[in-house]
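Descriptive analysis of the structure
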Amino acid sequence: MSVVGNPVRRRVELSLRYAVLIVLAIVFLLPLYVMVKTAVSQPEGVTSKTFVWWPADPNWGKFAEIFADERFGQSLVTSAIMAVSMTVGQIIIGALAGYGLARIPNRASKPLLALTVTMLLIPSATTFLPNYLIVSWLGWTETLQGIVVPTLFTAFNVFLFRQFFLSFPKELEEAGKLDGLGYIGTFLRVVLPNSLAFASALTVLGFLGAWNAFLWPLVVAGTGFGALTVQVYLSSFITAQTFDYTGLFAAGFLASIPVLLVFILLQRWLLRGVAETGLGGS
């Protein structure tokens, strides 16, 4: 019975796993289905109380209208530049600062670490106005650098990188120092290449947050064409007088594609980074 029972048990466990994965996949894909369904529905079908799985006469013209809108294309480019710049800057600054706090002996390390932890406890709303006043004083309003530069330092990244580098094998660093490398050389040639999985995990999180940023780009850059982000562009479909649900969901679906592509490309590194660094809990 045991010989026969083991394969049966394995098949049952495998079937249950696939069943759970299918259910979770459906749950996660449900928002995409709702966006596409609403985008191709007629205006009266969106507010109808009668539920239908798919509209009888889907209107795909909304997607063509969104693509034809020059402001949408510009907002995608602006958001891409903003998200990439913010993410790369946050990773570089966070890695350098975290490595310095973890490995470079200095009397200021403990006060700086305490200051970093304190910044994690400060609500972002309290720093919103001071940051805007500084950006305005520099003349960076309605510009891309006004959106990006104040967000390059994140205490969250610095603290996580510091915790990661504390557990980094010292033997690898000592081997680099034996080859005549200093702190910077060791960091660039030994530590950083072996930290790509962890950095990729933070890259996905940082890119997602930067791409979905709304309030700060709206206040700094407004709705002007030069620094219009995709999230601010989406808000233009809802005004005090009109609610263009079909256009909003069509544009929202198209705006979510870059995030999905980034996640798919970095998925393997993301899972590896979570597994290696313990972000998923212990």
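Here's a quick rundown of the structure. What you are looking at is a predicted structure, and each value in this text was computed from that prediction instead of being measured.

1. Describing unusual backbone geometry
In this structure, glutamate 142 takes a positive phi of about 60° despite not being glycine. Among the secondary structure elements, glutamate 142 is positioned in the loop between α6 (124-138) and α7 (144-148).

2. Some details on a nonpolar patch on the surface
Together, Leu14, Tyr18, Val20, Leu21, Ile22, Val23, Leu24, Ile26, Val27 and Phe28 make up a nonpolar patch on the protein surface, roughly 1,000 Å² of accessible area in all. Tracing the sequence through the fold places valine 27 in helix α1 (residues 2-39). Classification of valine 27 by relative accessible area gives partly exposed; the value is 48%.

3. Observations concerning helix α8 (residues 155-166)
Here α8 is twelve residues long and its end C-alpha atoms lie 17 Å apart, about the 16 Å a rise of 1.5 Å per residue gives. For α8, the complete set of buried residues consists of Ala155, Asn157, Val158, Leu160, Phe161, Arg162, Phe164 and Phe165.

4. Focus: the nonpolar core
With 30 residues, the main nonpolar core has Ile66, Phe72, Tyr233 and Ala251 as its most contacted residues. When contributions to this core are tallied by element, the ones reaching two or more residues are α3 (61-68), α4 (70-103), α7, α11 (196-211), α12 (215-221), α13 (230-235) and α14 (245-277). Beyond its immediate chain neighbours, meaning those up to four positions away, phenylalanine 72 contacts Ile66, Val230, Tyr233, Ala251 and Leu254. In this structure, Tyr99, Ala102, Phe198 and Leu202 belong to the second largest nonpolar core, which totals 14 residues.

Rules used throughout
- Residues numbered from 1 in each chain as written.
- Predicted model: local features only at pLDDT ≥ 70, side-chain atom pairs only at ≥ 80, totals over all residues.
- Heavy atoms only, no water.
- Helix = DSSP H or I, 4+ residues; strand = E, 2+ residues; numbered from the N terminus.
- Patch = residues over 30% accessible without salt bridge, like charges linked within 9 Å, V, L, I, M, F, W, Y side chains within 5 Å.
- Areas by Shrake-Rupley, 256 points an atom, 1.4 Å probe, with all protein chains shown as cover.
- Salt bridge = Lys/Arg side-chain N within 4 Å of Asp/Glu carboxyl O.
- Buried < 20%, exposed > 50% of the residue type's maximum accessible area, 1.4 Å probe, protein only.
- Expected span 1.5 Å × (residues − 1).
- Core = buried A, V, L, I, M, F, W, Y, C linked by side-chain atoms within 4.5 Å.
- Contact = heavy atoms within 4.5 Å.

By themselves these figures say nothing about function.
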